[in-house]
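Listed below, chain by chain, are the residues.
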Amino acid sequence: GQFDDPTILFVGDVEVVEVRQMDDDPFIITQFHCQQLKCTRDKFGNVTDGSTNSIQRVYYFWGLQQEKVGVVTADGQLLPPRWVIRDMMWQSMLALV
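Since the model is a prediction, treat every value here as computed from it, not as a measurement. (Residues numbered from 1 in each chain as written. Predicted model: local features only at pLDDT ≥ 70, side-chain atom pairs only at ≥ 80, totals over all residues. Heavy atoms only, no water.)

Quick word on the pattern of salt bridges
For the coordinates displayed, the defined rule picks out four salt bridges. Close ionic contact of Arg41 with Asp5 constitutes a salt bridge, the shortest N to O distance being 2.6 Å. Of this pair, Arg41 sits in strand β3 (residues 25-41) while Asp5 sits in the loop between β1 (3-4) and β2 (8-22), placing them 36 residues apart in sequence. (Salt bridge = Lys/Arg side-chain N within 4 Å of Asp/Glu carboxyl O. Helix = DSSP H or I, 4+ residues; strand = E, 2+ residues; numbered from the N terminus.)

As C-alpha cells, this is what we get:
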C-alpha cells in the first residue's frame, strides 16, 4: 500500500547512448538526470517517509522500445504506437535539499 512519490521537477542532459536491434525492433538506450521528490506515500497520499521538501538528483538509464501496434481510444481514434520503457536503471542519487 505504499509507493515512492513519482513527482519529477526537472529533467536535464538527455543523451542517446546507444541504438540497437532487439527482437527485430529498434531499442534505444538514453541517459539523463532529473530532480525528483524523495518521499514515500501510503494509499491515501499521506507522506509516510521523507518529505515533500526533500529533493534529490537521480541519474537514470532508460531502455525504450516502440510498441508494435497503436491503440484505439474509447471514441475510436487511432493513436500511433508509443515508445515504452522496457528497462530502467538508476546510476546514482544525490540529495539536493
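Alright, that's what it looks like, and here's the rest.
Points about the packing of aromatic side chains
Aromatic ring pairs are defined here through the distance separating the ring centres and the angle between the ring planes. Tallied over the entire structure, the rule returns three aromatic pairs. Taken together, a centroid distance of 6.3 Å and an interplanar angle of 55° make the contact between Tyr60 and Trp62 tilted. Residue class for Tyr60 comes out buried when judged on its relative accessible area of 12%. Taking relative accessible area as the criterion, Trp62 reaches 23% and is therefore assigned partly exposed. (Phe/Tyr/Trp six-rings, centres within 6.5 Å; stacked < 30°, edge-to-face > 60°. Buried < 20%, exposed > 50% of the residue type's maximum accessible area, 1.4 Å probe, protein only.)

Considering a nonpolar patch on the surface
A cluster of nonpolar side chains, contributed by Ile8, Val11 and Val14, occupies part of the molecular surface with about 270 Å² of accessible area. Relative to the helices and strands, Val11 is located in strand β2. (Patch = residues over 30% accessible without salt bridge, like charges linked within 9 Å, V, L, I, M, F, W, Y side chains within 5 Å. Areas by Shrake-Rupley, 256 points an atom, 1.4 Å probe, with all protein chains shown as cover.)

Here's the deal with unusual backbone geometry
With a phi close to 55°, Asp13 is a non-glycine residue in the positive phi region. Relative to the helices and strands, Asp13 is located in strand β2. Here Asp23, not a glycine, exhibits a phi torsion of approximately 55°, which is positive. Counting through the fold element by element, Asp23 comes out in the loop between β2 and β3. Taking the relative accessible area as the measure of exposure, Asp23 reaches 64% and is therefore exposed.

Comments concerning the pairing of strand β4 (residues 47-66)
Pairing of β3 with β4 involves 15 bridges; the strand directions are antiparallel. Paired with Leu37 across the bridge in β4 is Ile55. Remark: five residues form the turn of the hairpin made by β3 and β4, two consecutive strands paired antiparallel; Gly45 in that turn has positive phi of roughly 95°. Note: β4 against strand β7 (residues 83-95), eleven bridges, orientation antiparallel. Paired with Gly63 across the bridge in β7 is Asp87. (Pairing = 2+ DSSP bridges.)

Read these as geometric descriptors, not functional statements.
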